[in-house]
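# Results of the structural survey
Residues per chain are reported as follows:
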Amino acid sequence: MRWSPSKLENNGVDGLYRRNQVRSITFLAMLGGILVLTILLSLRAGSYETPLAELVRGIFGRSADRKINIVVQNNRLPRICTGILAGAGLRLAGCVFQAVLRNPLASASTLGVAQGATFGAAFAIVVLGFGSTGGFGIELSAFLGSIAVALIILALSKFRQVSAEGIVLAGVAISSMFTGATTLLQYFADEVQLSTLVFWTFGDLGAVGWEELGGMAVTVEGLCAYCYLHRWDYNALLSGEEIAISLGIRVRRLTLINLILCCLCSSVVVSHVGLISFIGLAAPHIVRMAVGNNHVYLIPGAALGGAVLLLLGDLFARTVISPVILPIGAITSFLGGPLFLYLLFKGGKRQ
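Residues numbered from 1 in each chain as written. Predicted model: local features only at pLDDT ≥ 70, side-chain atom pairs only at ≥ 80, totals over all residues. Heavy atoms only, no water.

## Comments concerning the packing of helix 8 (residues 210–229) against helix 11 (residues 251–273)
At a closest axis distance of 10 Å, the pairing of helix 8 and helix 11 adopts a crossing angle of 155 degrees. Comparing their axes, helix 11 and helix 8 come out roughly antiparallel. In this structure, helix 8 crosses over helix 11, and the sense of that crossing is left-handed. Residues E212, M216, T219, V220, L223 and Y226 of helix 8 pack against L254, I257, N258, L261, L264, C265, V268, H272 and V273 of helix 11. In terms of residue class, the contact of helix 8 with helix 11 is built from 11 nonpolar, 3 polar and 1 charged. (Axes fitted to C-alpha atoms, helices over the stretch in contact; angles between N-to-C directions. Helix = DSSP H or I, 4+ residues; strand = E, 2+ residues; numbered from the N terminus. Parallel < 35°, antiparallel > 145°, perpendicular 65-115°, else oblique. Left-handed = near helix turned anticlockwise from the far one by under 90°. Contact = heavy atoms within 4.5 Å. Nonpolar A, V, L, I, M, F, W, Y, C, P; charged D, E, K, R; others polar.)

Structure (structure tokens):
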């Protein structure tokens, strides 16, 4: 039986798809292993030196030393869980922003969404009188600040037909405006309010307890589930809005719902851990180098990548000049800034 050119071509496409599938699954498994290793390293980092086996027992409260159980369950483990959820949530928001706006530079920090959420939280603390544990009030105010930015971005993208580069520039301008407004609030704040606002500016994974983790977990896991259910819609958007519409996708509705959900997730994360920049920009692009633009693998891969990056950044912040803990927001900015410049120069060379 002779092979026709079409059969040879189909076999070649199938073979390429299977190789990409194996490579993507292998990469996801490798990321999972790196995440487990990072969790163990983060569990051991700290001034309380303890064998790793005892720390693992301390997770379940079965260590022979009661102090180890207390340190692990009340300090180190909540910090690790916070880093995993915050990294995955910010990364998911960045990945979806890039998909629905079709802009590789889009993320919660570059579009000003995170800065809007930070201003909303600061407004709730200084003007509305919520304390540092204001809970739902701060989260609601942060969400309203982020959704205001998202609506501006959506209006510029859809109604004014601003280019992808223009959207990023608009995000930079919006970020500057909200940062200036947050600075003004700091100027008029008292000592207690000022210390709380500095927390939002620096970012901190150590101030979140088990009670706050519940709400963050529900939000991030809900966004994960929604994004994975719509993974094929994101793949269709890669081919252009017209093709997506021809496939029966309501693009405007999909864009609006995704922007709202991503702003909700970003605002919840920011209201708990403060402003952490560039995780949503860096993680998707790092994972995209290995798995490509297929959101079937990009969504779980970038979620794992975001968790790993934030945990590694927090591990570096805790150990580089121990016992002093550096602000995690500064560490992630050092990571994301060069990547942002690289993407800009890469885009400029293509034109």
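On we go from here.
## As for the pattern of salt bridges
A full pass over the atoms with the stated rule returns 2 salt bridges. Between D314 and R79 there is a salt bridge, with its nearest N and O atoms 2.9 Å apart. On the criterion of sequence distance, the pair formed by D314 in helix 13 (residues 295–319) and R79 in helix 3 (residues 66–100) is long-range, its members being 235 residues apart. Judged by its relative accessible area of 2%, D314 falls in the buried class. Classification of R79 as buried rests on a relative accessible area of 8%. Residues D314 and R318 are paired through a salt bridge, measuring 3.6 Å at the closest nitrogen-oxygen approach. Taken together, the positions of D314 and R318, both in helix 13 and 4 residues apart, correspond to about one turn of that helix. Like R318, D314 is buried. Taken together, the shared-partner salt bridges in this structure form one network comprising R79, D314 and R318. (Salt bridge = Lys/Arg side-chain N within 4 Å of Asp/Glu carboxyl O. Buried < 20%, exposed > 50% of the residue type's maximum accessible area, 1.4 Å probe, protein only.)

## Side note on the side chain of R231
Looking at the element boundaries, R231 is found in helix 9 (residues 231–237). Here R231 is buried and forms no salt bridge, its nearest opposite-charge partner D233 lying at an N-O distance of 9.4 Å. Here the side chain of R231 touches Y228 through a polar contact of 2.6 Å, landing on its backbone oxygen. When near neighbours in sequence (up to four residues on either side) are disregarded, R231 contacts H295, V296 and I299. (Lys, Arg positive; Asp, Glu negative; His and termini not counted. Polar contact = N/O pair within 3.5 Å; in protein donor to acceptor, adjacent residues only side chain to side chain.)

## Observations regarding the nonpolar core
By size, the foremost hydrophobic cluster in this structure holds 72 residues, and its most contacted members are F97, L111, Y234, V273 and I276. Apart from residues lying up to four places away in sequence, F97 is in contact with R102, A106, S107, A108, L111, V113, L259, C262 and C263. By size, the runner-up hydrophobic cluster in this structure holds 11 residues, among which are C95, V287, V296 and A302. (Core = buried A, V, L, I, M, F, W, Y, C linked by side-chain atoms within 4.5 Å.)

## Description of helix 13
Across its 25 residues, helix 13 extends 35 Å between first and last C-alpha, which sits within 8% of the 36 Å expected from 1.5 Å per residue. Here helix 13 lies mainly inside the structure; 20 of its 25 residues are buried. You can read the cap of helix 13 off the contacts: a side-chain oxygen lies 3.1 Å from the backbone nitrogen of V296, and it is on N294. (Expected span 1.5 Å × (residues − 1).)

## Some points on empty space enclosed by the protein
On inspection of all chains with the given rule, the structure shows 1 cavity of 30 Å³ or more. The computed volume of the largest cavity comes to approximately 50 Å³. Residue lining of the largest cavity: L90, S107, A108, S109, A114, I276, F278, I279, G280 and L281, and that is the complete set. Looking at which element gives the most residues to the lining of the largest cavity, the answer is helix 12 (residues 279–291), with 3 residues. A per-class count over the lining of the largest cavity returns 7 nonpolar, 3 polar and no charged. (1 Å grid on protein atoms, 1.4 Å probe; cavity = no way out; pocket = protein on both sides within 12 Å on 5 of 7 lines; lining within 4 Å. Points joined across faces, edges and corners; volume = space filled by probe spheres on them.)

## Description of helix 8
Helix length check: helix 8 (20 residues) gives 28 Å between terminal C-alpha atoms against 28 Å at 1.5 Å per residue, within 8%. Within helix 8, the full set of buried residues consists of L213, M216, A217, T219, V220, L223, Y226 and C227. The elements touched by buried residues of helix 8 are helix 3, helix 9, helix 11 and helix 13.

## Considering the packing of helix 3 against helix 12
At a closest axis distance of 7 Å, the pairing of helix 3 and helix 12 adopts a crossing angle of 75 degrees. As summarised for this structure, helix 3 and helix 12 are arranged roughly perpendicular, according to the angle between their axes. Where helix 3 abuts helix 12, its residues G87, L90, R91, G94, C95 and Q98 lie against I279, G280, L281, A283, P284, H285 and R288. When the residues that make up the contact of helix 3 with helix 12 are grouped by side-chain class, the tally is 6 nonpolar, 5 polar and 2 charged.

## Considerations on the packing of aromatic side chains
Enumeration according to the criterion identifies 3 aromatic pairs in this entry. With centroids separated by 6.1 Å and ring planes inclined at 40 degrees, the aromatic side chains of F119 and F123 adopt a geometry described as tilted. Taken together, the positions of F119 and F123, both in helix 4 (residues 113–126) and 4 residues apart, correspond to about one turn of that helix. The class of F123 is partly exposed, set by a relative accessible area of 33%. Ring geometry for Y187 and F188: centres 5.2 Å apart, planes at 90 degrees, overall edge-to-face. Note on accessibility: Y187 and F188 belong to one class, exposed. (Phe/Tyr/Trp six-rings, centres within 6.5 Å; stacked < 30°, edge-to-face > 60°.)

## What to know about the environment of I147
Here I147 is to be found in helix 5 (residues 136–158). Sequence spacing of I147 and S267 is 120 residues, and the spatial spacing of their C-alpha atoms is 8.8 Å. Excluding residues within four positions of it along the chain, I147 makes contact with I260 and C263.

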